[in-house]
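# Residue-level structural notes
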Amino acid sequence: MSVLEIRDLHVTVETDAGTTPILNGINLTMNTGETHAIMGPNGSGKSTLAYTIAGHPKYTVTSGSITFDGQDVLEMTVDERARAGLFLAMQYPVEIPGVTVTNFLRTAKTALDGEAPAIRGWTKDVKAAMSNLRMDPKFAQRNVNEGFSGGEKKRHEILQLEVLKPKFAVLDETDSGLDVDALKIVSEGVNRAKESTGLGVLLITHYTRILRYIRPDFVHVVVAGKIVEEGGPELADRLENEGYDRFLDPAAPIEA
């Protein structure tokens, strides 16, 4: 079992108004095999948490720690975090002109493992994963995310998750922009990856609809950069009925 621990994490970002605090003392412990849902209103700091774990240079950790099996994540470069087993599915996946999906995936797998995967087995695994995600095989020869619809980009993120096999996956609003059919397909992909590898999932979302397909073990409500309530799946059901009004302060919201 692997453990990802976040302790008293404080994070700032530079804006036109100067240095702005976003996270104000996040505490969270995740084990492989668990699914944690991070929920909260817009501007609460959910995506900031995702990108801080991944190592985005825009965000500055002013205090606190992130450790992965006792190793200091904050001392790792972005690629070292990926090789250690951390994966980020982005809310807005970027286009990479000139790099095909096939080359991208094989290069990433080679970087993770230290050697190129055997062609025959690798090709079979990628084709099977694409079929499960109902992706046209022709996508393998297209440039990464170039001309992809929103739903196709999200399926490609989950394709990466399935074939790269990380220990922890941070899914930043993977449900945004998906219709009902695409949401179900993407969710099934996450569940397959978890069942086959035992990875831990940190699922960031505004809404409970994806939690109908990916059932969380724990739910954490983030407001103004802090976890203000925690519970099991029943907390998500309560949020569906009540929203976030009871957590909100009349002060201006944080931008994240």
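Residues numbered from 1 in each chain as written. Predicted model: local features only at pLDDT ≥ 70, side-chain atom pairs only at ≥ 80, totals over all residues. Heavy atoms only, no water.

### Quick word on empty space enclosed by the protein
All told, the structure shown has one cavity of 30 Å³ or more when counted by the stated rule. Within this model, the largest cavity holds a volume of roughly 40 Å³. Lining the largest cavity we find Ala50, Ile53, Ala54, Leu86, Phe87, Leu88, Phe168 and Val170. Of all the secondary structure elements, the ones that give two or more residues to the lining of the largest cavity are α1 (46–54), β6 (86–89) and β9 (168–172). (1 Å grid on protein atoms, 1.4 Å probe; cavity = no way out; pocket = protein on both sides within 12 Å on 5 of 7 lines; lining within 4 Å. Points joined across faces, edges and corners; volume = space filled by probe spheres on them. Helix = DSSP H or I, 4+ residues; strand = E, 2+ residues; numbered from the N terminus.)

### Some details on the sheet that holds strand β3 (residues 35–39)
One open sheet holds the six strands; their spatial order is β6-β9-β10-β3-β11-β12, and the pairing between them is mixed. Bordering the open sheet on either side are β6 and β12 (226–231), each of which pairs with just one other strand. Looking at each pair of strands side by side, their axes are set apart by 20° on average, direction ignored. Sheet topology note: the β6/β9 ladder contains four bridges and is parallel. Bridge pairing in β9 links Phe87 to Ala169. Packed on one face of the sheet, α1 meets β3, β6, β9, β10 (200–205) and β11 (218–223) and runs near 145° to β9. Its contacts with the sheet place helix α5 (residues 150–164) against β6 and β9, and it is angled at close to 165° to β6. (Pairing = 2+ DSSP bridges. Axes fitted to C-alpha atoms, helices over the stretch in contact; angles between N-to-C directions. Contact = heavy atoms within 4.5 Å.)

### Some thoughts on the sheet that holds strand β1 (residues 3–15)
Pairing between sheet strands relies on hydrogen bonds along the backbone, with the strands arranged either parallel or antiparallel. Strand order in this open sheet of four strands is β2-β1-β4-β5, and the pairing throughout is antiparallel. Here the strands that pair on one side only, and so sit at the sheet edges, are β2 (18–31) and β5 (71–72). Pairing of β1 with β2, which is carried by eleven bridges, proceeds in the antiparallel orientation. By the bridge assignment for β2, Ile6 is matched with Leu28.

Keep in mind that these numbers describe shape and distance, not what the molecule does.
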